[in-house]
Amino acid sequence: MAKRPRIAVIGSANIDLTTFSDRFPKAGETIFGQKFDLGFGGKGANQAVAARLCGAEVFMIARVGSDLFGPATIQNFQKQGIDTTHVKQIGGVSSGVAPIFVEPDGQNRIFVVKGANDLLKPADVDAAADLLKTVDCIVLQFEIPLETVYYTVTFARKNGIRCIVNPAPAQPIEISALAGLDYFIPNESEAEAITKMPVRSPEDAKKCAEKLLANGLSGVILTLGSNGSVLASRNGIEHMPAFPVKSIDSTGAGDAFIGSFAVFLGEGLPEREAVLRANLYAGLSTTGVGTQKSFYDRARYDAQWAMRSKSQ
Ligand code: RIB
């Protein structure tokens, strides 16, 4: 039986307010949307839920606000079986929220108001240090202060803990602060923003991953939506194809990829296979509406993998 990985996510928790419409309104224009969905989201929380659904033991380190979303978010983690010892509610600030707009082809546009997520500081990482030293992998994103991300990457390196950084949403970064990082996982637009290189095809993505790798990162994975992903590491650079799915909402697909990848790797699978499996997990998440609620549990996922991996 595969080892059950222990994964810590140091990251954001948001409430997602998703509107489905034919198009995005122009300035000064009001249009009707077709459908609305309220759900638990935030890149950190989504990655934690994906990892948990894939079977890991998951520890969340996060901050929520003093509004009705704060306790609801903590309850949601607990309902999923995620440890919330280090999720704290902060007075006088809102929880993170994300108005999301999804167009008919399933593509999304997201605003994030960070709220309490912005108050997750290096001191909070220190407060969780004893726990963090026991995990197999730490997962970070950019919806918390960058100083906390850099601090945690250094902490992970010092303590020999595998670390994954998802630079989302894209921001100007000091890539040298991430030197030695195990996996840096941007999507196309994040990779473009960080490297200033166009990423319009798997070939572009390979060049971009090569450039990122040259900055001292140990591994880079570019997620490319329906084009799969590109894996770049000391073993070489390879395009890993996606599995065909009927996509209706791609929101959270990157999070599904990262949470599941951390688990597959933690179970001891070779990184190439872990990426291929995460491609399928992410693809399946786009066949349902919303983020966390569109993620497959392990049994449903394994059934799909058993069926589809033969044809890959
Ligand atoms: O990656 C999807 C997530 O981005 C949403 O859940 C939203 O909260 C934003 O953080």
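Predicted model only: the values in this text are computed from it and were never measured.

Novice: What is the right way to read the overall build of the protein chain from this model?
Specialist: What the protein chain contains, in helices and strands, is 10 helices and 13 strands. In terms of overall dimensions, the protein chain is globule-like: its C-alpha atoms have a radius of gyration of 18 Å, near the 20 Å expected for 312 residues. Each of the three principal axes of the protein chain carries a C-alpha extent, and together these read 50 × 45 × 40 Å. Every one of the 312 residues in the protein chain was classed for burial, and the buried ones make up 54%.

Novice: Could you clarify how one ought to interpret the pattern of salt bridges in this entry?
Specialist: Side chains that differ in charge, positive against negative, can pair when their charged atoms come close. A complete count under the given rule lists 13 salt bridges for this structure. A salt bridge links Glu29 to Arg23; the nearest nitrogen and oxygen atoms lie 2.5 Å apart. Note on Arg23: relative accessible area 34%, which makes it partly exposed. Through salt bridges with shared partners, a single network forms among Glu267, Arg298 and Asp302.

Novice: What is the right way to read the pairing of strand 5 (residues 83-89) from this model?
Specialist: Remember that side chains alternate between the two faces of the sheet whenever the strand is regular. Of the strand pairs in this sheet, strand 4 (residues 57-64) and strand 5 are connected by 5 bridges, and their pairing is parallel. Opposite Ile61, over in strand 5, you have His86 as the bridge partner. In this region the chain leaves strand 4, passes through helix 2 (residues 69-80) and returns to the parallel neighbour strand 5; the handedness of that crossover is right-handed.

Novice: I would appreciate a short explanation of the nonpolar core in the present structure.
Specialist: Nonpolar side chains in soluble globular proteins generally cluster together in the buried interior. Ranked by internal contacts, the top residues of the largest apolar core, which has 47 residues, are Ile7, Phe257 and Phe261. Counting only elements with at least two residues in this core, the list comes to strand 1 (6-10), helix 1 (43-53), strand 4, helix 2, strand 8 (137-141), helix 8 (253-266), helix 9 (271-285) and helix 10 (298-308). With near-sequence residues (within four places) excluded, Phe261 lies in contact with Ile164, Tyr183, Ile185, Ile221, Glu271, Ala274, Val275 and Ala278. Core analysis: the second largest hydrophobic core is formed by 43 residues, Leu132, Tyr150, Val199 and Leu222 among them.

Rules used in this analysis
- Residues numbered from 1 in each chain as written.
- Predicted model: local features only at pLDDT ≥ 70, side-chain atom pairs only at ≥ 80, totals over all residues.
- Heavy atoms only, no water.
- Helix = DSSP H or I, 4+ residues; strand = E, 2+ residues; numbered from the N terminus.
- Rg over C-alpha atoms; globule rule 2.2 N^0.38 Å.
- Buried < 20%, exposed > 50% of the residue type's maximum accessible area, 1.4 Å probe, protein only.
- Salt bridge = Lys/Arg side-chain N within 4 Å of Asp/Glu carboxyl O.
- Pairing = 2+ DSSP bridges.
- Right-handed = clockwise from strand over helix to strand, strands pointing away.
- Core = buried A, V, L, I, M, F, W, Y, C linked by side-chain atoms within 4.5 Å.
- Contact = heavy atoms within 4.5 Å.

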